[in-house]
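Geometric and topological summary
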Amino acid sequence: MKKIIAIAALAVIVAACGGPKPASEAPAKPVKLGIIGLDTSHSTAFTELLNSDSDEPFVREFEVVAAYPYGSKVIESSYKRIPGYIEEVRKYGVEIVESIADLCSKVDFVLLETNDGHPHLEQALEVFKTGKTCYIDKPIGATLGETLAIYQLAAEYGIPIFSSSALRFSPENAKLRTGQYGKILAADCYSPHKTEPTHPDFGFYGIHGVETLYTLMGPGCASVSRAHSPQGDVVTGVWADGRLGTFRAIVEGPAVYGGTALTPEGAVPAGGYAGYKVLLDQILTFFQTGVPPVAPEETIEIYAFMKASNMSIERGGKPVTIKEAMDEGRKEAAKLLKSLGR
């Protein structure tokens, strides 16, 4: 199936570029990208990287041509950005469109960037119906149930998707993930924790550190427990093979990202924020191949980990299994899909 998807994705690119041309002809036109959601700095950062005069190969190969600006309607810090970000992307020749359907008619691939995770389910479904491959920025869904529903719909429509924080692809984290220091025996990771009332706890911002933890440890967590104080939270995951991984959510303290991995070679610092280009490189490769760089199962487990941590707090810090969290998430996903007539 992945080979079929990859072939189809490459066929779209060839078609978008007008097919193969002799060397004497003008360079092929860039692959056309569309953005949903001008309520996040990710949208303007990606547009600047892709539509600039840089000599980077991907700048010549891809271009953001259209954007549908909306977007969160309830998070003030997000929707207040939209007018300014509209003007910002227009400077790079991006057309502002009136609907997601209009956007999809003009582009080859979609970057779903809306800062609010709640609209993602309905927005993604509109994209899936057009057959467009889609990157969905984190949070892929505000809740575990929304995340499960999005992946189920993507599977039904045969649309490859992925979602990730840029922290996953920092060079040092990539080395740790690929085993350059040996098997990760344990990991302790941290990131700022800013709550957003419309989202469950870590889902809006703490996810950065949880993503780092999973980049190092990989999937396979069995249970989660959480300690809380006004200064922050510490979540401990017990993996099925006995390894321990922790996430420290920093409320009071420096706004830092990183951690430590314990390896056979000793303690190795985890990578922090390395800019958006490392993520964009992965997104564009995904568009070219149709193969997600992060497996759906791992992304889903990240949201189950966060859900289990919330359940642990409700139970006074007692351990909660990932299975329990998944069971609750599946119930929510079923209700959401039913509301959409699925």
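1. Structural notes on the layout of surface pockets
- A volume near 410 Å³ is recorded for the largest pocket.
- Along the wall of the largest pocket there are 23 residues; nearest its centre are His42, Lys138, Tyr205, His208 and Tyr276.
- Those elements that provide at least two residues to the lining of the largest pocket are helix H2 (41–51) and helix H4 (76–79).
- A breakdown of the residues in the lining of the largest pocket according to their chemical character gives 9 nonpolar, 10 polar and 4 charged.

2. Comments concerning the sheet that holds strand E1 (residues 31–36)
- Taken together, 6 strands build an open sheet; the order of strands is E3-E2-E1-E4-E5-E6 and the sheet is parallel. Two strands lie at the open edges of the sheet, namely strand E3 (95–96) and strand E6 (161–162), each paired on one side alone.
- In this sheet, strand E4 (residues 109–112) lies alongside E1 in parallel orientation, the contact comprising 4 bridges. The partner of Leu33 across the bridge, within E4, is Phe109.
- Relative to E4, helix H7 (residues 120–130) is tilted by about 180°, and along the sheet it contacts E1, E4, strand E5 (134–136) and E6.

3. What about the sheet that holds strand E13 (residues 320–321)?
- The strand order E12-E11-E7-E10-E9-E8-E13 describes an open sheet built from 7 strands, whose pairing is mixed. The open sheet has two free edges, formed respectively by strand E12 (266–269) and E13, since each of these has just one partner strand.
- The sheet contact formed by strand E9 (residues 232–239) and strand E10 (residues 244–250) spans 7 bridges and is antiparallel. Within the sheet, the bridge partner assigned to Val235 lies in E10 and is Phe247.

4. Topic: helix H10 (residues 207–217)
- By the criterion of burial, H10 is predominantly enclosed, with 11 of the 11 residues buried.
- When H10 is considered as a whole, its buried residues turn out to be Ile207, His208, Gly209, Val210, Glu211, Thr212, Leu213, Tyr214, Thr215, Leu216 and Met217.
- Gly218 lies just past H10 and shows a positive phi near 75°.

5. Digging into the pairing of E12
- In this sheet, E12 lies alongside strand E11 (residues 258–263) in antiparallel orientation, the contact comprising 4 bridges. Among the inter-strand pairings, Ala261 is bridged to a residue of E12, identified as Val268.
- Hairpin connection, E11 to E12: the antiparallel pair is bridged by 2 residues.

6. Notes on the packing of helix H8 (residues 144–157) against helix H12 (residues 296–314)
- Taken N-terminus to C-terminus, the directions of H8 and H12 make an angle of 165°; their axes are 9 Å apart at the nearest point. With respect to each other, H8 and H12 are oriented roughly antiparallel. Of the two elements, H8 crosses H12, and the hand of that crossing is left-handed. Between H8 and H12, the residues in contact are Leu144, Thr147, Leu148 and Tyr151 and Pro296, Thr299, Ile300, Tyr303, Ala304 and Lys307, respectively.
- Of the residues belonging to the contact of H8 with H12, the class tally is 7 nonpolar, 2 polar and 1 charged.

Conventions adopted
- Within every chain, residues take consecutive numbers counted from 1 along the sequence as written.
- Only residues with pLDDT of at least 70 get local features here, since the model is predicted, and only at 80 or more are side-chain atom pairs given and counted; chain-wide, interface and lining totals rely on the full set of residues.
- Calculation of side-chain values draws on the structure's entire complement of heavy atoms; hydrogens and water are dropped beforehand.
- For each structure, a 1 Å grid was placed over the protein atoms alone; sets of points admitting a 1.4 Å probe that cannot get out are labelled cavities, open sets with protein on both sides within 12 Å along at least five of seven lines are labelled pockets, and lining residues have an atom within 4 Å of a point.
- Grid points are joined across faces, edges and corners, and a volume is the space filled by probe spheres set on the points.
- Helix numbering and strand numbering both begin at the N terminus, where a helix is a DSSP run of H or I of at least 4 residues and a strand a DSSP run of E of at least 2.
- Polarity classes work like this: nonpolar for Ala, Val, Leu, Ile, Met, Phe, Trp, Tyr, Cys and Pro, charged for Asp, Glu, Lys and Arg, and polar for all others, with Gly in that last group.
- Any two strands between which DSSP finds at least two bridges are classified as paired.
- In this description, contact between two residues means that some pair of their heavy atoms is separated by no more than 4.5 Å.
- Angular values range over 0 to 180 degrees, each being the angle between N-to-C directions of two axes fitted as lines to C-alpha atoms, with helices fitted over their stretch in contact.
- Under the scheme applied here, a residue whose accessible area is under 20% of the maximum for its type counts as buried, over 50% as exposed, and between as partly exposed, the area being computed with a 1.4 Å probe on protein chains only.
- Oblique is the label for every angle not falling under 35 degrees (roughly parallel), over 145 degrees (roughly antiparallel), or within 65 to 115 degrees (roughly perpendicular).
- Whether a crossing is left-handed or right-handed is set by the direction in which the near helix is turned from the far one by less than a right angle, anticlockwise for left-handed and clockwise for right-handed.

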